[in-house]
Every structure is written in structure tokens, then in C-alpha cells.
Amino acid sequence: HTKPVIFSGMQPSSDSLHLGNYIGALSQWTQMQDSFDAFFCVVNLHAITVPQDPKDLAERTRATAAQYIAAGIDPEKSTLFVQSHVPAHAELAWVLNTLTGFGEASRMTQFKDKSQRQGADAASVGLFTYPMLMASDILLYQADTVPVGEDQRQHVELTRDLAMRFNGRFGETFTVPEAQIQKGTAKIYDLQDPSSKMSKSAESEAGLIKVLDDPAVTRKKIMRAVTDADGEIRYDRELKPGVSNLLTIYSVLTGRMVESIEREFAGRGYGDLKKSLAEVVEETFTPVRDRTNELLSDPAELDRLLAKAADRANEVASTTLARVYDAMGI
Ligand code: ADP
Ligand code: NA
């Protein structure tokens with residue numbers, strides 16, 4: 001490899017990406033694809049750690065890939081592929097399961113959170129071994145860097161431990177990856193509840209801006225965003241979380257400083273800011289939505305792009321797996 005390798009995965013667990021995903025993940029990744037050898041993986045094997053409807057899962061897998069391409073992931077520059085198309089992910093995950101202590105895996109806080117939510121008996125063993133599948137995703141491509149949110153820090157730490165453990169026991173095989181925690185990335189909050197982050201898991205979609213929604217729906221949601229009573233357009237995350245969230249979104253999508261937006265709207269009402277923001281969001285999302293629909297209208301072509309990427313991914317992953325098996329005497 002001439003360029004450093006990054007790996008990042010996204011679950012096909014929603015019909016549309018939301019504004020938080022777009023700002024926090026997608027737009028970062030499109031900027032990274034020139035300086036890195038990037039592997040972007042639609043992680044459908046991770047998705048089935050919780051129950052999935054088969055038809056939805058198939059559709060969402062394609063739709064997720066299509067939205068990434070539509071938003072700027074260039075299949076000529078980056079390897080954008082589907083996890084289950086590369087059998088080595090499940091195979092290496094098994095090997096890593098055998099190297100992970102039961103107590104070590106039990107300390108993963110995401111499993112504790114998610115299994116508590118589902119009820120301990122309802123949670124699958126797959127949910128428990130999720131971190132080892134994630135370690136497999138990363139290590140197969142000898143990734144140097146893993147851009148993730150703070151919530152994934154512990155899983156990347158486990159990945160590093162497993163890589164070092166394997167290298168120590170069986171000889172140098174894996175690159176030990178670094179987590180790149182996206183701290184500088186703006187965090188986007190729910191428009192109806194600006195104290196929680198915008199998330200597909202929100203109880204109501206009233207404050208969730210979705211990339212593939214009709215612009216009229218999005219405009220309505222923005223016009224109804226929660227603000228406050230003092231009427232001043234000013235950034236103050238503590239006292240004015242709703243208005244501050246709107247300003248952040250405006251700033252990120254236009255590339256303008258918050259101060260300059262505050263100045264533009266000085267003395268004007270929240271309605272003006274919202275109307276203008278709705279236009280900015282529409283301008284950003286319309287081409288992405290159009291391109292997504294275009295890609296989804298020709299599934300054969302989309303499948304061809306994904307198959308081509310899977311070929312490249314398979315080449316790299318099967319080379320790593322062969323070295324692993326060789327080193328272990330398998
Ligand atoms: P969700 O919270 O909707 O389930 P995910 O956990 O699947 O989203 O996150 C996918 C990616 O999008 C991650 O890189 C995450 O950091 C980013 N992301 C998700 N929600 C937000 C948000 N509200 N603001 C900024 N980035 C976000
Ligand atoms: Na999530």
C-alpha cells in the first residue's frame with residue numbers, strides 16, 4: 001500500500017441516512033478518500049445481531065450503498081462493498097473469538113447497553129461477539145486508521161489488543177490500528193429534543209431530518225423545530241440549544257462561520273432562519289436524493305459496482321486470512 005489504509009463500516013439499518021450521519025460521517029469520508037486507501041463496508045452481518053426483516057435488510061443494504069455513492073464516495077477511488085460478499089470477515093471473526101477472553105468480551109459496554117435494552121435472554125450470542133466481527137473487519141484490510149465515534153473507542157481498543165496478541169503468539173501478521181475519534185465533527189441534535197443527538201433510534205421522527213425524505217416533509221420539520229422564547233438568533237449551546245443546533249447545521253452545510261450567520265440574521269425572527277435553513281438543506285440533499293434514486297432504479301448496475309468492489313476487498317482480505325491460517329497451522 002502506498003497510502004495509509006482506513007476502514008469504516010455502516011449498518012444498513014435504516015431506510016434513509018439522516019442529517020447527523022451526513023455531517024458526522026459521510027461528508028468526512030468523502031474528504032478522506034483522496035489521502036487514504038479507503039474501505040467502506042455496508043456491514044449487513046453486524047445488522048443481523050438484532051432481528052431484521054429479510055426484504056427490508058436487502059433493500060436497505062442497496063439503499064445504504066447508493067446513498068454513500070450519491071453523497072460523494074467515488075467507487076473508482078474507494079472500495080465500497082457489502083460485508084457478506086467477503087467471506088473472510090466471518091472466518092477471521094471465528095479465529096478472533098477463540099483469542100478473546102470471555103471476561104474481556106463481557107466488559108464491552110455496548111453489549112451491556114444493548115442487551116439490557118433487549119432483555120438478557122432475548123439478546124443473541126451474535127450481539128455478544130459483535131466486537132470480534134468488527135475487529136475482523138478492520139484487521140483484514142491492515143487498516144492504519146479507523147474513523148469512529150466516541151462510542152466505538154472500546155471496540156477499537158479490543159481490536160488493537162487482539163492484533164497485538166495474535167502478533168505476539170503467532171508472528172507479525174496484523175497492522176495495529178489507531179482509532180481516529182471524530183472530535184472536531186459537529187454533533188447534530190434532534191430538532192424536537194435538542195438535548196439528545198439526532199438518531200435513527202429516536203422515539204419520534206419529528207426531529208429527524210432524512211436525506212431521502214420529500215423536501216416538503218423536511219421543510220415542515222425544520223419550520224417546527226423547537227427553539228426558545230427570547231427571540232434572539234444567537235449561539236448558546238447551554239441556554240439556547242434549539243437555535244444553536246439550527247446555527248450549527250446552517251454553518252456546516254454552507255461552510256460559513258456561525259458569527260457570520262448570526263450577523264446576517266441579527267434582528268430577524270426564528271422563522272426567517274428556519275426558512276433559509278430549509279433552503280440550504282434542500283440544496284444539499286436534492287442532488288443526493290436524485291442520484292440515489294437514479295442508482296436504485298438500476299439495481300443491476302449498482303450490484304455490478306458492489307461486486308467489483310467486493311472483488312478488490314476479497315483479494316486483500318483473503319491474502320490476510322491465508323497468512324493467519326498459515327501462522328496458526330490451519
Ligand atoms: P444513529 O445514532 O442514527 O444510530 P449511527 O450510530 O449508525 O447513527 O452512526 C453512524 C455514523 O454517523 C457514525 O459515524 C456517527 O458518529 C455519525 N452520527 C450519527 N448521529 C450523529 C449526529 N447526531 N451528529 C453527528 N454525527 C452523527
Ligand atoms: Na446508533
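So, how was this worked out
Residues numbered from 1 in each chain as written. Chains lettered and ligands numbered in written order. Predicted model: local features only at pLDDT ≥ 70, side-chain atom pairs only at ≥ 80, totals over all residues. Heavy atoms only, no water. Salt bridge = Lys/Arg side-chain N within 4 Å of Asp/Glu carboxyl O. Helix = DSSP H or I, 4+ residues; strand = E, 2+ residues; numbered from the N terminus. Buried < 20%, exposed > 50% of the residue type's maximum accessible area, 1.4 Å probe, protein only. UniProt positions renumbered as here; feature names shortened; annotations may be inferred. Contact = heavy atoms within 4.5 Å. Lys, Arg positive; Asp, Glu negative; His and termini not counted. Pairing = 2+ DSSP bridges. Right-handed = clockwise from strand over helix to strand, strands pointing away. Near = heavy atom within 4 Å. Polar contact = N/O pair within 3.5 Å; in protein donor to acceptor, adjacent residues only side chain to side chain. Areas by Shrake-Rupley, 256 points an atom, 1.4 Å probe, with all protein chains shown as cover. Nonpolar A, V, L, I, M, F, W, Y, C, P; charged D, E, K, R; others polar. Axes fitted to C-alpha atoms, helices over the stretch in contact; angles between N-to-C directions. Left-handed = near helix turned anticlockwise from the far one by under 90°.

If the charged atoms of two oppositely charged side chains come close together, the side chains can form a pair. Evaluated as defined, the whole model comprises 20 salt bridges. Asp15 serves as the salt-bridge partner of Lys210, at 3.5 Å between the closest nitrogen and oxygen. You can see Lys210 sitting in the loop between strand 5 (178–181) and helix 9 (215–223) and its partner Asp15 sitting in the loop between strand 1 (5–10) and helix 1 (19–32), a full 195 residues away along the chain. Residue Lys210 is classed as buried on the basis of its relative accessible area, which comes to 7%. The residue Arg219 makes a salt bridge to Glu282 at a minimum N-O spacing of 3.6 Å. Taken together, the residues span a long stretch of sequence, with Arg219 in helix 9 and Glu282 in helix 12 (residues 270–296) at a distance of 63 residues. On the accessibility criterion, Glu282 (30% relative accessible area) is partly exposed. Each of Asp228, Asp230, Glu232, Arg234, Asp236 and Lys240 takes part in a single network of salt bridges with overlapping partners.

This part is about the UniProt feature "binding site: L-tryptophan" (unreviewed entry) in the protein chain. Cross-referencing UniProt, the feature "binding site: L-tryptophan" (unreviewed entry) maps to Asp137 in the present numbering. Position of Asp137 relative to the elements: it lies in helix 7 (residues 125–140). Take Asp137: its relative accessible area is 2%, and that puts it in the buried class. Not counting chain neighbours up to four residues away, the residues in contact with Asp137 comprise Phe7, Val43, His46, Gln83 and His89.

In this section: the side chain of Arg289. Tracing the backbone through its elements, the reader meets Arg289 in helix 12. Salt bridges are absent for the buried Arg289, whose nearest opposite-charge side chain, Asp290, sits at 4.8 Å.

By the alternation rule, side chains of strand 4 (residues 145–148) split into Thr145 and Pro147 and Val146 and Val148, which are all buried. Pairing geometry for strand 4 and strand 5, over 4 bridges, is parallel. Paired with Pro147 across the two strands is Gln180, which belongs to strand 5. Remark: the strand 4/helix 8 (residues 153–170)/strand 5 crossover connection has right-handed handedness.

The next point concerns the site of ligand 1. Near ligand 1, the surroundings consist of His18, Gly20, Asn21, Gly24, Ala25, Ala186, Lys187, Ile188, Lys197, Met198, Ser199 and Lys200. Note that an oxygen atom of ligand 1 is positioned 2.8 Å from one of the side-chain N or O atoms of Lys197. Side-chain polar atom of Ser199 to an oxygen atom of ligand 1: 3.1 Å apart, as the coordinates give it. Protein coverage of the free-state accessible area of ligand 1, which is 540 Å², stands at 76%. Looking at the shell around ligand 1 residue by residue, the classes come out as 4 nonpolar, 5 polar and 3 charged.

Before going further, it helps to examine the packing of helix 10 (residues 241–254) against helix 12. In contact at an axis separation of 10 Å, helix 10 and helix 12 are set at 35 degrees when each is read in the N-to-C sense. For helix 10 against helix 12, the interelement crossing comes out left-handed. Contact with helix 10, carried on its side by Val243, Leu246, Leu247, Ile249, Tyr250, Leu253 and Thr254, involves Tyr270, Leu273, Lys274, Ser276, Leu277, Val280, Val281 and Thr284 of helix 12 and no other residues of that element. Looking at side-chain class alone, the contact of helix 10 with helix 12 contains 11 nonpolar, 3 polar and 1 charged residues.

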